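# Structure at a glance
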Amino acid sequence: MFAIEWKEGALEQLDKLQPQISDRIYKKVDELSENPFSKDIKKLKGESAFRLRVGDYRIILDIDIKNKMIFILRLGHRRNIYD
């Protein structure tokens, strides 16, 4: 099992979303603790981070395999998240 750590900025962005969307995101992130390399995870080009797709929203995360940690760095709508 991997531990999940939410960064402050990611939590602030999550609080701004509608409750049903934030619930879907929480659920998808919880599933990552068992298998962080699911089929929805892709490595970002030019960064060491990964992205997780949840509908029109993207979660940018970092995975520390050695310490079994997943860091949720930021999240947002797909048209704004990569700016």
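Read on for a plain summary of the structure. (Residues numbered from 1 in each chain as written. Predicted model: local features only at pLDDT ≥ 70, side-chain atom pairs only at ≥ 80, totals over all residues. Heavy atoms only, no water.)

Another aspect to go through is helix α2 (residues 19-32). Side chains that are three or four residues apart share a direction in an α-helix, a result of its 3.6 residues per turn. If you check α2, its first and last C-alpha atoms are 20 Å apart, about what 14 residues at 1.5 Å a residue would give, namely 20 Å. For α2, the full list of buried residues reads Ile-21, Ser-22, Ile-25, Val-29 and Leu-32. Looking straight down α2, one finds that the buried residues subtend no more than 95° of arc, so they occupy a single side. Facing away from the buried surface of α2 by more than 90 degrees, the exposed residues are Pro-19, Gln-20, Lys-27 and Asp-30. (Helix = DSSP H or I, 4+ residues; strand = E, 2+ residues; numbered from the N terminus. Expected span 1.5 Å × (residues − 1). Buried < 20%, exposed > 50% of the residue type's maximum accessible area, 1.4 Å probe, protein only. Arc of directions from axis to C-beta.)

Further remarks concern the pattern of salt bridges. In the structure shown here, the tally under the stated rule is three salt bridges. Two residues, Glu-5 and Lys-7, come together in a salt bridge whose shortest N-O distance is 3.3 Å. Its relative accessible area of 31% is what places Glu-5 among the partly exposed residues. Close ionic contact of Lys-28 with Asp-40 constitutes a salt bridge, the shortest N to O distance being 2.8 Å. Of this pair, Lys-28 sits in helix α2 while Asp-40 sits in the loop between α2 and β2 (41-43), and the two are twelve residues apart along the sequence. (Salt bridge = Lys/Arg side-chain N within 4 Å of Asp/Glu carboxyl O.)

In this section: the nonpolar core. Counting 20 residues, the largest nonpolar core has Trp-6, Ile-25, Ile-59, Leu-61, Ile-72 and Leu-75 as its most contacted members. Every element with two or more residues in this core is listed here: α1 (8-15), α2, β3 (50-54), β4 (57-64) and β5 (69-77). For Ile-72, the contacting residues outside a window of four places in its chain are Ile-4, Glu-5, Trp-6, Lys-7, Ala-10, Val-29, Ile-59, Ile-60 and Leu-61. (Core = buried A, V, L, I, M, F, W, Y, C linked by side-chain atoms within 4.5 Å. Contact = heavy atoms within 4.5 Å.)

Counting buried positions along β4 gives six out of eight residues, so the element sits mostly inside the fold. Where β3 meets β4, five bridges bridge the pair, whose relative direction is antiparallel. Bridging from a neighbouring strand, Phe-50 pairs with Leu-61 of β4. As consecutive antiparallel partners, β3 and β4 are separated by two residues, and within that stretch Gly-55 has a phi angle of approximately 60°, a positive value. Where β4 lies against β5, eight bridges are found, and the strand directions are antiparallel. Its bridge partner lying in β5, Ile-63 is registered against Ile-70. From the end of β4 to the start of β5, which pair antiparallel, there are four residues, and Lys-68 there has a positive phi angle of about 55°. (Pairing = 2+ DSSP bridges.)

Scope: geometric values only; no functional claims are made or implied.
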